[in-house]
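Chains, contacts and geometry: an overview
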Amino acid sequence: MTIRNRIALQFSLIVASILIVFSIVIYVVSATYRREEFYDRLKNKGRTTVRFLVEVKEVDRDLLKIIDRNTLTALFDEKVLIFDERNRLIYSSVDDQVINYSPSLLNRVRQEKDIETHNGRNELIGLLYRQNGRDLVILASAYDQFGRSKLDNLQLTLGWGLFVGISITIGLGIFFAGQSLRPISQLNEQVTTITAGNLQRRLDEGNRQDEIARLAINVNDLLRRLQQAFEQQRSFVSQTSHELRTPLAALKSEIQLGLLRPLTVPEHEAILQNLLTDADRLIGLTNSLLQLARTLETIDLLPLHPIRSDESLFAARDELTAARPNYKIAIDYEHVPESERETLVAGNEKLLKQVFINLLDNACKYSPDHTARVRISTDDTHCYVAVSDQGIGMTEADIARIFEPFYRAPNALDYQGFGIGLSITAKLIDLHHGSLRVESQPGQGSTFTVSLPHL
Ligand code: ADP
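These numbers come from a predicted model, not from an experiment.

1. Comments concerning the overall build of the protein
Summing up its helical and strand segments, the protein has ten helices and twelve strands in all. Since a compact globule built from 455 residues should have a radius of gyration of about 23 Å, the 51 Å found for the protein marks it as more spread out than a globular shape. The C-alpha extent of the protein, read off along each of the three principal axes, is 160 × 60 × 35 Å. Across the 455 residues in the protein, those meeting the buried criterion constitute 38%. Partitioning the contacts of the protein with sequence separation of at least 6, the portion at a separation of at least 24 is 65%. Accessible area of the protein: about 27,700 Å², with a carbon and sulfur share of 57%.

2. So, the site of the ligand
Taken together, 21 residues lie near the ligand, and Asn362, Tyr366, Arg408, Ala409 and Leu422 sit nearest. A distance of 3.2 Å separates an oxygen atom of the ligand from a polar backbone atom of glycine 421. Side-chain polar atom of serine 446 to a nitrogen atom of the ligand: 3.3 Å apart, as the coordinates give it. Where the shell around the ligand is concerned, the elements lending two or more residues are α8 (349-365), α10 (421-431) and β12 (445-453). The element best represented in the shell around the ligand is α8, accounting for three residues.

3. Some thoughts on the nonpolar core
Of all hydrophobic cores here, the largest spans 43 residues; its most connected members are Leu313, Ile329, Phe356, Leu360, Val374 and Ile420. Of the residues forming this core, the biggest block, nine residues, is contributed by α8. In this structure phenylalanine 356 touches Ser309, Ser312, Leu313, Ala316, Val385 and Val450, once residues within four positions along its chain are discounted. One finds Leu42, Leu53, Ile90 and Tyr91 within the second-largest nonpolar core, a separate group that totals 18 residues.

4. Examining empty space enclosed by the protein
Taken as a whole and judged by the stated rule, the model has one cavity of 30 Å³ or more. Counted as a void, the largest cavity has a volume near 40 Å³. Forming the walls of the largest cavity are Tyr333, His335, Pro337, Glu342, Thr343, Ile376, Ser377 and Thr378. In terms of residue count, the dominant contributor to the lining of the largest cavity is strand β9 (residues 371-378) (three residues). Residues of the lining of the largest cavity, tallied by class, amount to three nonpolar, four polar and one charged.

5. Here's the deal with the sheet that holds strand β3 (residues 114-119)
Strands sit in the order β2-β1-β5-β4-β3 across an open sheet of five strands; the sheet is antiparallel. Strands with a single pairing partner mark the edges of an open sheet, and in this sheet they are β2 (89-92) and β3. When strand polarity is set aside, the average angle formed by the axes of neighbouring strands in this sheet is 20°. Here β3 pairs with strand β4 (residues 122-131) via six bridges, running antiparallel. Among the inter-strand pairings, asparagine 119 is bridged to a residue of β4, identified as asparagine 122.

6. Details of the UniProt feature "transmembrane region" (unreviewed entry) in the protein
In the UniProt entry, the feature "transmembrane region" (unreviewed entry) is given for residues 7-29 and 158-177. With 100% helix and 0% strand, residues 7-29 has its two end C-alpha atoms placed 33 Å apart.

7. Points about the sheet that holds β9
Strand pairing in a sheet takes place through backbone hydrogen bonds and is either antiparallel or parallel in direction. Ordered in space as β7-β9-β10-β12-β11, the five strands form an open sheet in which the pairing is mixed. Where the open sheet ends on each side, the last strands, each with one partner, are β7 (328-333) and β11 (435-441). The mean angle between the axes of side-by-side strands here comes to 15°, regardless of whether they run parallel or antiparallel. Along the sheet face, helix α7 (residues 309-323) touches β7, β9, β10 (382-389) and β12 and points at about 165° away from the line of β7.

8. Quick notes on the packing of helix α6 (residues 265-298) against α10
Following both chains from N to C, one finds α6 and α10 inclined at 15°, their axes separated by 10 Å at the closest point. Relative to α10, α6 is oriented roughly parallel. Both α6 and α10 take part in a crossing whose hand is left-handed. Contacts from Ser288, Gln291, Leu292, Thr295 and Leu296 in α6 reach Ser423, Ile424, Lys427 and Leu428 in α10. Taken together, the residues that form the contact of α6 with α10 break down as four nonpolar, four polar and one charged.

9. Remarks on the environment of isoleucine 399
Looking at the element boundaries, isoleucine 399 is found in helix α9 (residues 396-401). By relative accessible area, which is 14% here, isoleucine 399 ends up buried. Distance from isoleucine 399 to arginine 437, taken between C-alpha atoms, is 9.9 Å for residues 38 residues apart in sequence. Aside from chain neighbours lying at most four places away, what touches isoleucine 399 is Met394, Val438 and Ser440.

10. Structural notes on the pattern of salt bridges
As enumerated under the stated definition, the model contains 20 salt bridges in all. Measuring nitrogen to oxygen at the nearest pair gives 3.0 Å for the salt bridge that ties arginine 88 to aspartate 84. Judged by relative accessible area, which is 47%, arginine 88 ranks as partly exposed. Aspartate 84 gets classed as buried once you look at its relative accessible area, which sits at 3%. Shared partners join several salt bridges into a network, and the residues in it are Arg34, Glu123, Asp144 and Arg148.

11. Section: the packing of aromatic side chains
Aromatic rings in a pair are described by how distant their centres are and how their planes are angled relative to each other. Per the counting criterion, the structure on display carries four aromatic pairs. Here phenylalanine 76 and tyrosine 143 contribute two aromatic rings whose centre-to-centre distance is 5.9 Å and whose plane-to-plane angle is 65°, an arrangement assigned as edge-to-face. Placement of phenylalanine 76 in strand β1 (residues 76-83) and of tyrosine 143 in strand β5 (residues 134-143) is noted, with a sequence separation of 67 residues between them. The partly exposed category is assigned to phenylalanine 76, whose relative accessible area is 38%. Given a relative accessible area of 16%, tyrosine 143 falls into the buried group. Between tyrosine 366 and tyrosine 415 the ring centres are 5.2 Å apart and the planes differ by 65°, which places this aromatic pair in the edge-to-face class. Note that tyrosine 366 is positioned in the loop between α8 and β9 and tyrosine 415 in the loop between α9 and α10, a separation of 49 residues in sequence. One cation-aromatic arrangement involves arginine 121 over tyrosine 143; the distance from NZ or CZ to the ring centre is 3.9 Å.

Reading the values: rules and limits
- Residues numbered from 1 in each chain as written.
- Predicted model: local features only at pLDDT ≥ 70, side-chain atom pairs only at ≥ 80, totals over all residues.
- Heavy atoms only, no water.
- Helix = DSSP H or I, 4+ residues; strand = E, 2+ residues; numbered from the N terminus.
- Rg over C-alpha atoms; globule rule 2.2 N^0.38 Å.
- Buried < 20%, exposed > 50% of the residue type's maximum accessible area, 1.4 Å probe, protein only.
- Contact = heavy atoms within 4.5 Å.
- Areas by Shrake-Rupley, 256 points an atom, 1.4 Å probe, with all protein chains shown as cover.
- Near = heavy atom within 4 Å.
- Polar contact = N/O pair within 3.5 Å; in protein donor to acceptor, adjacent residues only side chain to side chain.
- Core = buried A, V, L, I, M, F, W, Y, C linked by side-chain atoms within 4.5 Å.
- 1 Å grid on protein atoms, 1.4 Å probe; cavity = no way out; pocket = protein on both sides within 12 Å on 5 of 7 lines; lining within 4 Å.
- Points joined across faces, edges and corners; volume = space filled by probe spheres on them.
- Nonpolar A, V, L, I, M, F, W, Y, C, P; charged D, E, K, R; others polar.
- Pairing = 2+ DSSP bridges.
- Axes fitted to C-alpha atoms, helices over the stretch in contact; angles between N-to-C directions.
- UniProt positions renumbered as here; feature names shortened; annotations may be inferred.
- Parallel < 35°, antiparallel > 145°, perpendicular 65-115°, else oblique.
- Left-handed = near helix turned anticlockwise from the far one by under 90°.
- Salt bridge = Lys/Arg side-chain N within 4 Å of Asp/Glu carboxyl O.
- Phe/Tyr/Trp six-rings, centres within 6.5 Å; stacked < 30°, edge-to-face > 60°.
- Lys NZ or Arg CZ within 6 Å of the ring centre and 35° of its normal.

As structure tokens, this is what we get:
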């Protein structure tokens, strides 16, 4: 079932239930009111008759019958019967009918004094009238033709009212549900036209206020991010091919050079040495690419645990200096932490160590003294690790681009590297919900500050 039909059905059911309950209540109240009013009329009739018969000397039975029959307010199928204490009928407003009332009914009237019941379709009341020690039982019955026909009319009116009301409700329900969901159908149509090839398309954001407009805004946001990711991936693939082609072309030209003419042993050695250097560079590049791919693959799956950021930093320093003994790394605290909690962050030990290794490696690599200084500090919310060097530095324009894969500043081209480390580093810091700030002056040095929210 579509949402439109479900909303229309629910709406119709609610309104129909209210209408039905309302109609039933009106009908029941009217029926009760009619019955009570009719019983009152019957009682008045019975009392008047008995008073005329017993208390007004001038009125005898025959006159009373004449009066009864000629009363303008006579009820339909009206009968008034009066019985004495021996259940003998002493007055009947009708002669031509066989009167047959059970003694048990008369006894019930004597006990209860006032009863309201019915005889077939007729309403019947019984009253006990006591005078001069005589107990007379009055039974009065009639058919409430006027009241019942009013009730039938009411029933018919309510029935038609219900039918028309529910039909209109269903129609309006379908119409309004369709109207309110139309923007969703339109969004749906627009979304189906978006494919990987035209991610630059955007959905109509309508009035930018209601829920559907907000959905469109969010989907547009998602499309923007997807488009960026697609473009990044596309340029990454073309840059990667370019990066791989350069050393491969160098390898090929060296091999061609070697094949041009017969070579001496030292010439062979020189060419093989060059080939080895180029092969090493290719292996290094492939390894970096592999590392980037693995980081991107696993980045969302890795669980974070409480770890001490300063311990990861010391581990990174030890690993790096073991591999490059000429690197000098000095670490100090702005103030000695009062508790280990100050440097505790939610993180992954291996990946956080990788972040610090990349930053320390760059700082040592791009400074002639191969020295990096690290300062650890904390405040109420964050733990900061600032890696500084007095090396070649960067311009503002370089700082804006160094996190792009393969970007290398012009002054860094003499140093070994592929321009991938910092893009991995930035993604890993993102994973740790942290941020990275860069300050640098060309020729004077750089400071990379990692800030991580502590626990
Ligand atoms: P790589 O160091 O392999 O070139 P990175 O991604 O680590 O790749 O760095 C990207 C670029 O950022 C470097 O090529 C360099 O231009 C610049 N850079 C990074 N760290 C420093 C630093 N400490 N001093 C100067 N330049 C740096």
